[in-house]
Amino acid sequence: MSESLLEPAQSLLEQAKSVSIERGKRGLCLNINNARALASVSLFGGQLLSYIDKSDARERLWLSESAIFDGKTPIRGGVPICWPWFGAPTRPSLPANSPSHGFVRTRNWELCDIQEQCNSCGEVIRTSLMLMPQDLKQALTFYGLPPSIRVSLKLIISDTCTITLHTQYDAPQGPVLALSQAIHSYFSIPDIATLEIKGIHGKYADKVNSSQANKSPSPYRISSETDRIHAADANEHIKLFSGEEEWVSIEHAGHNGTVVWNPWQEKSRQLKDMNDSGFTKMVCIEAATMPEVVLHPGQLLSISQCVSS
Ligand SMILES: O=P(O)(O)OC[C@H]1O[C@H](O)[C@H](O)[C@@H](O)[C@@H]1O
């Protein structure tokens, strides 16, 4: 993995007021500090690692204390991008040992654009970043996928945080692409014992008990290993409560599935990049296209997640 910035990114950074680059224990990260929020994005995986709304100074994302930053292992926490497949690779045409959750979470991404919006005092109140995986064409060819596909990630950091993943099939003709993907966000919560999830109503396929079409629970609480793919409402508004307190608000668009994941105790112990009690402080709520959707030449597919207080 090249640990350097590409030339165009250097000049974007020189002009930006609210974005700086840091080369530290977490590898190469872009740090955003504007009047409304703080955030950090790893260029490995194009992965948002931290988002803090300055109005309450609360970290919204969970990052494992044992996360591995070796430039090879997927980072446990923040917002991994799973693309162009979610979960285990199922397509027989893929090479043996193809990674779980696709290949872009373990690639270097490059910074392609920065846009800043200022208030009347000249303070930046909104920072938008555009990132793309490096050398995507080569990777697509390696996995037997059409090389004219482009994927980009737009992050808008302000008093809300919006993550949008675009897939553009940039060709007049070619084979259709069956695409599953996820914005795989790990949310930081005070305690899994007091968590209640509101706003998820669709039936779910249960990956723990291998059963299909279960009714969404009400109230929705987590007290054991949970790994579910819910059929999603078109524009979904989910809220996480810690007891009576509304903790975080999550809106999804462009998806057809919402994933809820908590590994619970035993599985946490098996994961080398998660502390034994890590599962008590996190829950994954993911905007996904799962089951997979079909993308035709010329089409653009976008999914997004917006996080706010
Ligand atoms: O350990 P990872 O490959 O990062 O996957 C972590 C989890 O991601 C998703 O939420 C899946 O539904 C789970 O089945 C999986 O265990």
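Quick notes on the rules
Residues numbered from 1 in each chain as written. Predicted model: local features only at pLDDT ≥ 70, side-chain atom pairs only at ≥ 80, totals over all residues. Heavy atoms only, no water. Pairing = 2+ DSSP bridges. Helix = DSSP H or I, 4+ residues; strand = E, 2+ residues; numbered from the N terminus. pLDDT = per-residue confidence, 0-100. Axes fitted to C-alpha atoms, helices over the stretch in contact; angles between N-to-C directions. Near = heavy atom within 4 Å. Polar contact = N/O pair within 3.5 Å; in protein donor to acceptor, adjacent residues only side chain to side chain. Areas by Shrake-Rupley, 256 points an atom, 1.4 Å probe, with all protein chains shown as cover. 1 Å grid on protein atoms, 1.4 Å probe; cavity = no way out; pocket = protein on both sides within 12 Å on 5 of 7 lines; lining within 4 Å. Sits in = over half its atoms within 2 Å of the grid points. Disulfide = S-S within 2.5 Å. Contact = heavy atoms within 4.5 Å. Buried < 20%, exposed > 50% of the residue type's maximum accessible area, 1.4 Å probe, protein only. Core = buried A, V, L, I, M, F, W, Y, C linked by side-chain atoms within 4.5 Å.

### Comments concerning the pairing of strand β14 (residues 211-214)
Each regular strand shows side chains that alternate between the opposite faces of the sheet. By the bridge criterion, two bridges tie strand β13 (residues 204-206) to β14 in an arrangement that is antiparallel. Paired with Y204 across the bridge in β14 is N214. Hairpin connection of β13 to β14: four residues between the antiparallel strands, including S210 at a positive phi of 45°.

### Focus on the confidence of the model for the protein
Across the protein, the average pLDDT comes to 96, with 99% of residues at or above 70. The ipTM for the predicted assembly is 0.98, set against a pTM of 0.97.

### Examining the sheet that holds strand β17 (residues 245-253)
Read from one edge of the open sheet, eight strands run β7-β8-β9-β10-β20-β17-β16-β12, paired in antiparallel fashion. Of all strands in the sheet, those with a lone pairing partner are β7 (109-118) and β12 (195-198), marking the two edges. Here the strands of the sheet are splayed against their neighbours by 15° on average, with no regard to which way each runs. Relative to β17, strand β16 (residues 236-242) is paired through seven bridges, and the arrangement is antiparallel. Among the inter-strand pairings, F241 is bridged to a residue of β17, identified as E246.

### Thoughts on the site of the ligand
Within the structure, the ligand sits among R76, F86, S100, H101, R105, H184, K207, D227, V259, W261, K267 and E286. Within the side chain of R76, a nitrogen or oxygen atom sits 3.0 Å from an oxygen atom of the ligand. Protein chains shield 84% of the accessible area of the ligand, which is 390 Å² for the free molecule. The site holding the ligand turns out to be the largest pocket.

### With respect to the state of the cysteines
Applying the stated criterion across every chain, the model contains zero disulfides. Of all cysteine sulfurs in the structure, the one in C161 sits closest to C306, which takes part in no disulfide; the separation is 7.5 Å.

### A short note on the side chain of S40
Following the sequence through the fold, S40 ends up in strand β3 (residues 37-42). Polar contacts involving the side chain of S40 include one to the side chain of N31, which spans 2.9 Å. The residues touching S40, leaving out its near neighbours within four places in the chain, are C29, L30, N31, Q47, L48, L49 and S50.

### Examining the sheet that holds strand β6 (residues 81-82)
On the basis of which strands lie adjacent, the open sheet formed by seven strands has the order β6-β11-β19-β18-β15-β13-β14 and antiparallel pairing. The open sheet is flanked by β6 and β14, the only strands paired with a single partner. Sheet topology places β13 next to strand β15 (residues 226-231); three bridges connect them, and they run antiparallel. Paired with D206 across the bridge in β15 is R228.

### Remarks on the side chain of S188
Relative to the helices and strands, S188 is located in strand β11 (residues 177-188). When residues no more than four places from it in sequence are discounted, the contact partners of S188 are E59, R60, L61, W62, W247 and K281.

### Digging into unusual backbone geometry
Cis geometry is adopted by the peptide bond preceding P84, which originates at W83 and carries an omega value of 0°. That bond from S218 to P219 is cis: its omega, -5°, falls within 30 degrees of zero. Here P219 shows up in the loop between β14 and β15. At S210, a position not held by glycine, the phi torsion is positive, near 45°. Among the structural elements, S210 can be located in the loop between β13 and β14. Of the residues examined, S210 reaches a relative accessible area of 64% and is grouped as exposed.

### Quick look at the environment of G278
Its place among the elements puts G278 in the loop between α3 (264-270) and β19 (282-295). Accessibility expressed as a relative area gives 10% for G278, which makes it buried. Taking the C-alpha atoms as reference points, G278 and V307, 29 residues apart in sequence, are found 22 Å from one another.

### Description of the nonpolar core
If you look at the biggest cluster of nonpolar residues, it comprises 67 residues, and the most contacted ones within it are L48, W83, F103, I197 and L240. The dominant element in this core, judged by the number of residues it contributes, is strand β9 (residues 149-157), at five residues. Counting residues in hydrophobic clusters, the runner-up holds eight residues, among them W62, Y186, M282 and C284.

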